[in-house]
Amino acid sequence: MSDKEQIGGVVLDLSKYPGEDFYCDGSVEDEILKIVKENAPEDYAAEILKRKDWPTLYHLSGFRGNIAGWIPFDGTEKVLEIGAGPGAVTGTIASKVSRVDCVDLSKKRSLINAYRNRERDNVTIHVGNFADIEPTLPDDYDYIFLIGVFEYFSHYIDAEDPFRAELKKIFPHAKKSTGRIVIAIENRLGLKYFAGAREDHTGKFFDGIENYESAGADVHTFSKPALEKIFKDCGASEYSFYYPYPDYKFPTAIYSDRRLPRGAELSDNIRNFDRSRLLLFNEKLAYDGLAEDGLYPLFSNSFEAVIGPALPVTYARFSNDRAQKYRILTEFREENGQVRVVKKALVPEAKEHVEHLVTAFEELKARFSGTPLSVCPCRKEADGEVSFDRAERCVPSTTSGKRHARWRQRTCLCGP
């Protein structure tokens with residue numbers, strides 16, 4: 001049997017495949033494989049609505065890719081995705097970079113990934129244990145992604161400290177000085193767990209909060225200080241924390257330490273698609289107070305840590321729950337001490353809407369000419385994006401957890 005298979009433009013490298021999948025969700029993976037074989041990605045939403053089950057939603061939702069969709073790739077990057085699974089994030093990355101190398105234990109899941117991305121010619125999937133594949137990988141990746149993978153290291157790696165041991169193995173594969181490692185993981189102290197949501201992996205109440213003292217837990221998530229200590233112990237000199245909201249699985253917004261959320265923004269908290277939960281208190285009200293006191297980073301439900309040079313994006317908001325023609329991404333970018341707001345189309349159908357913002361700016365500017373009201377400048381960039389030079393006075397503020405917008409005789413189109 002050949003060590004390689006090809007599905008469309010995707011190459012499956014089976015040279016390290018042990019011949020058996022040791023991780024599988026059962027027959028549902030066969031059903032998902034059938035869906036991706038018979039349907040184009042734009043049809044997955046209809047299948048999710050038809051089936052109404054958690055695995056289909058989790059593996060095929062377009063929201064999954066948002067966790068990587070905000071990263072400012074320039075199209076030349078070489079990327080490694082460890083634990084790519086059925087490819088929920090692979091397609092988003094591959095659409096923005098030059099090359100993606102995936103690694104996954106499961107051939108079944110890798111087949112799902114390959115079929116859903118078969119129209120692409122820049123994806124190679126290495127099937128097998130990362131420990132066996134790692135020595136064959138190059139050392140010049142611009143980005144290495146571990147999305148929902150880090151917490152499982154103790155399950156797959158035989159080491160006294162599997163988290164530090166594996167991260168030290170991964171570090172040398174990032175391009176020297178400029179390479180980045182992106183880790184998305186739940187926060188052990190996420191507010192939802194205090195409020196009555198079950199631990200995402202074990203299904204038990206308060207399991208992470210109690211430091212996984214219950215028997216049988218083969219995963220481990222971390223608080224922010226614990227992750228920082230791991231990074232430093234492994235030799236990381238630069239890292240940044242981002243906060244996917246409501247969580248990293250289905251994020252609609254990405255916050256950062258340079259642009260933390262206002263409490264009034266955190267109102268979409270009841271996310272228990274996979275299992276029942278308790279409602280012990282109002283999470284929105286709790287977040288109002290935590291945000292006001294600057295404690296959100298400790299209680300965010302998820303983290304997206306970027307090890308390596310800081311990125312210019314400080315905030316991102318996805319609008320991919322709208323009709324196709326309004327699906328856009330809004331980003332805040334910090335450049336030379338100034339905040340620039342960028343809006344871009346997430347799908348081709350939304351390009352007209354983004355371009356119309358420039359027309360709307362010109363019309364508003366003409367309408368209020370000669371009045372005390374000024375309009376936030378808006379311009380079209382060469383790549384089809386629209387950007388605004390946003391002053392701090394454009395940003396609504398919060399007082400005592402309640403939103404009070406102070407526009408100071410200024411109007412703009414650049415809001416999130």
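Per chain, the residues get numbers from 1 upward, laid out in the order the sequence is written. Under the rules for a predicted model, residues below a pLDDT of 70 receive no local features and side-chain atom pairs below 80 are neither given nor counted, while totals for whole chains, interfaces and linings still include all residues. Heavy atoms from the whole structure form the basis of all side-chain values; hydrogens and water molecules are not counted.

**Remarks on the packing of helix 1 (residues 27–38) against helix 6 (residues 107–116)**
The relative placement of two packed helices is expressed as an angle between their axes plus a distance between the axes.
Right, so step 1: The angle between two axes is taken between their N-to-C directions and runs from 0 to 180 degrees, where each axis is a line fitted to C-alpha atoms and a helix contributes only its stretch in contact. Here a strand is any run of E in DSSP of at least two residues, a helix any run of H or I of at least four, and the numbering for each starts at the N terminus. Interhelical geometry of helix 1 versus helix 6 gives an angle of 15° and a closest axis separation of 9 Å. Of the possible angle classes, the one that applies to helix 1 and helix 6 is roughly parallel. With respect to the hand of their crossing, helix 1 and helix 6 are arranged in left-handed fashion. Residue-level inspection shows Glu29, Asp30, Ile32, Leu33, Val36 and Lys37 of helix 1 in contact with helix 6, the latter providing Lys108, Arg109, Leu111, Ile112, Tyr115 and Arg116.
Right, so step 2: Residue classes follow a fixed rule: Ala, Val, Leu, Ile, Met, Phe, Trp, Tyr, Cys and Pro count as nonpolar, while Asp, Glu, Lys and Arg count as charged, and any other residue, Gly among them, counts as polar. A per-class count over the contact of helix 1 with helix 6 returns 6 nonpolar, no polar and 6 charged. Convention used here: angles under 35 degrees read as roughly parallel, angles over 145 as roughly antiparallel, angles from 65 to 115 as roughly perpendicular, and any remaining angle as oblique. Handedness of a helix crossing follows the sense of rotation of the near helix relative to the far helix, less than a right angle counterclockwise being left-handed and clockwise being right-handed. By definition in these notes, contact holds between two residues if any of their heavy atoms fall within 4.5 Å.

**Some details on the pattern of salt bridges**
Right, so step 1: Whenever a carboxyl oxygen of Asp or Glu lies within 4 Å of a side-chain nitrogen of Lys or Arg, that contact is scored as a salt bridge. By the definition in use, this model includes 33 salt bridges.
Right, so step 2: Between Arg109 and Glu29 there is a salt bridge whose closest N-O contact spans 2.8 Å. With a gap of 80 residues between them, Arg109 in helix 6 and Glu29 in helix 1 connect regions that are remote in the sequence. Of the two residues, Arg109 and Glu29, neither departs from the other in class, the shared state being buried.
Right, so step 3: Across the pair Glu331 and Arg333 runs a salt bridge whose closest N-O atoms are separated by 2.9 Å. When accessible area is computed with a 1.4 Å probe and restricted to protein chains, residues below 20% of their type maximum are described as buried, those above 50% as exposed, and intermediate ones as partly exposed.

**Let's talk about the state of the cysteines**
Right, so step 1: In plain terms, two cysteine sulfur atoms within 2.5 Å form what is called a disulfide here. Enumeration over the complete set of coordinates arrives at 0 disulfides.
Right, so step 2: Cys376 supplies the cysteine sulfur nearest to Cys378, a cysteine that is in no disulfide, at a spacing of 8.0 Å.

**What about helix 14 (residues 351–367)?**
Right, so step 1: Each residue after the first adds 1.5 Å to the expected span of a helix. Here helix 14 is 17 residues long and its end C-alpha atoms lie 25 Å apart, about the 24 Å a rise of 1.5 Å per residue gives.
Right, so step 2: Residues of helix 14 that are buried: Val354, Leu357, Val358, Ala360, Phe361 and Leu364.
Right, so step 3: Packing partners of the buried residues in helix 14 comprise strand 12 (328–335), strand 13 (338–345), strand 14 (374–375), strand 15 (378–380) and strand 16 (386–389).

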